[in-house]
Amino acid sequence: MEYADVLRRRQMVRSYTDEPVSDEALERIVSVVDRAPSAGFSQGYQVVVVTDPKLRQAAADVAEARYVELGFPRWIAQAPVHLWVATREQTYHERYAGQPVRDGWSEVPWPVPFWWFDAGALFMLLQLAALDQGLGTGVFSSVYTDELRALSDVIGLPEDVGLAGVITIGHEDRSKRMPIPPGAARRKPRDEIVTWRR
């Protein structure tokens, strides 16, 4: 698939068929971790591949409550694959501990928390790799600390590993597209996002 086609297909999928995802496709998708960028080559991110139906359902039980309250159908457990993307902040501190950086710092001050930045970059690479395999992807996470901890507990993430989010992967069921939520934001014109300094 051409890169332009992959980008065109990138959207939120919230309805999947029963068709399984092959192990070969999953291997190709997760192989992007070998090329994913990270600050100082810290590689503090982690990916947990979940295909177990009970774990997928447990995640859905935590994450879907708010969707259902708004009247939307359940979709998370329906996806045959979940990729849990997490990061460990301490890995970055360990990487730079004792390094002469500048101005007397023994470590960079981290005005940007690159553990989250790198997790986000990996997140998008995994989504694009799934699309390249002809699969649809969705995303779920939470802005609530208690929900994030409950989700992390579903697959047993250690306390020092933070969950960035989960990518659902499967074959899209195009007959059941999820409606756009009321009050959803419109896509901004490009010139509201991109500024040129020539």
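The structure this text deals with has already been given above.
Calculation criteria
- The numbers attached to residues start from 1 for each chain and follow its sequence in the written order.
- At least 70 in pLDDT is required for a residue's local features to be given in this predicted model, at least 80 for side-chain atom pairs to be given and counted, and no such filter applies to totals for whole chains, interfaces and linings, which use all residues.
- Side-chain figures throughout are based on the complete set of non-hydrogen atoms in the structure, without hydrogens or water.
- Using a 1.4 Å probe on the protein chains alone, a residue whose accessible area is under 20% of its type maximum counts as buried, one over 50% counts as exposed, and one in between counts as partly exposed.
- Working definition: helices are DSSP H or I runs of at least four residues, strands are E runs of at least two. Numbering for both runs from the N terminus.
- Note that the arc is defined by the directions from the helix axis to the C-beta atoms.
- The contact definition used throughout considers only heavy atoms, calling two residues in contact when any of these lie within 4.5 Å.
- Definition of nonpolar core: a set of buried residues of the types Ala, Val, Leu, Ile, Met, Phe, Trp, Tyr and Cys, connected through side-chain atoms within 4.5 Å.
- Note on definitions: angles span 0 to 180 degrees between N-to-C directions of axes, and those axes are lines fitted to C-alpha atoms, for helices only across the stretch in contact.
- For any pair of crossing helices, the crossing counts as left-handed if the nearer helix is rotated counterclockwise from the farther one by less than a right angle, and right-handed if it is rotated clockwise.
- Residue classes follow a fixed rule: Ala, Val, Leu, Ile, Met, Phe, Trp, Tyr, Cys and Pro count as nonpolar, while Asp, Glu, Lys and Arg count as charged, and any other residue, Gly among them, counts as polar.
- Here a cavity denotes a set of grid points, spaced 1 Å apart and computed over the protein atoms alone, in which a 1.4 Å probe fits but from which it cannot get out, and a pocket denotes an open set meeting protein on both sides within 12 Å along at least five of seven lines; residues with an atom within 4 Å of a point are reported as lining.
- Grid points are joined across faces, edges and corners, and a volume is the space filled by probe spheres set on the points.

Enquirer: Give a description of helix H2 (residues 23-30) that names residues and reports values.
Expert: Those residues of H2 not exposed but buried are Ala 25, Leu 26 and Ile 29. On an axial view of H2, the arc spanned by its buried residues comes to 100°, and they lie on one face. Residues of H2 that are exposed and point over 90 degrees away from its buried face: Asp 23, Glu 24 and Glu 27. For H2, the elements touching its buried residues are strand S1 (45-50), strand S2 (81-87), helix H6 (114-132) and strand S4 (162-170).

Enquirer: Tell me about the nonpolar core, and please be specific about residues and values.
Expert: Formed by 24 residues in total, the largest nonpolar core has its most connected members in Ile 29, Leu 126 and Ile 169. When contributions to this core are tallied by element, the ones reaching two or more residues are H2, S2, helix H5 (89-96), H6 and S4. With near-sequence residues (within four places) excluded, Leu 126 lies in contact with Ile 29, Val 30, Val 32, Val 47, Leu 83, Val 85 and Ile 167.

Enquirer: Talk me through H5; I want residue IDs and the actual numbers.
Expert: When we look at burial in H5, the residues that qualify are Thr 91, Tyr 92, His 93 and Tyr 96. Its buried side turned inward, H5 meets S1, S2 and H6.

Enquirer: Please provide a residue-by-residue account of the packing of H5 against H6, values included.
Expert: Relative orientation of the contacting elements H5 and H6 amounts to 115°, with a least axis distance of 8 Å. H6 is crossed by H5, and the crossing has right-handed handedness. Note on element contacts: H6 touches H5 through Phe 114, Trp 115 and Asp 118, opposite Glu 89, Tyr 92 and His 93. A class-by-class count of the residues in the contact of H5 with H6 yields three nonpolar, one polar and two charged.

Enquirer: A description of the layout of surface pockets should follow, citing residues and the corresponding values.
Expert: Reported here for the second largest pocket is a volume of approximately 200 Å³. As for the second largest pocket, its lining consists of Ala 63, Arg 66, Tyr 67, Leu 70, Phe 140, Ser 141, Ser 142, Val 143, Tyr 144 and Glu 147. Its residues placed into classes, the lining of the second largest pocket shows six nonpolar, two polar and two charged.

Enquirer: Which residues make up unusual backbone geometry, and what values go with them?
Expert: In most cases, non-glycine residues show a negative phi, while peptide bonds are predominantly trans. Positive phi, close to 55°, is recorded for Phe 41, a residue that is not glycine. With respect to the element layout, Phe 41 can be found in the loop between H2 and S1. For Gln 43, which is not glycine, the phi torsion reads 55° and is therefore positive.

Without other data, these values stay purely geometric and don't point to any function.
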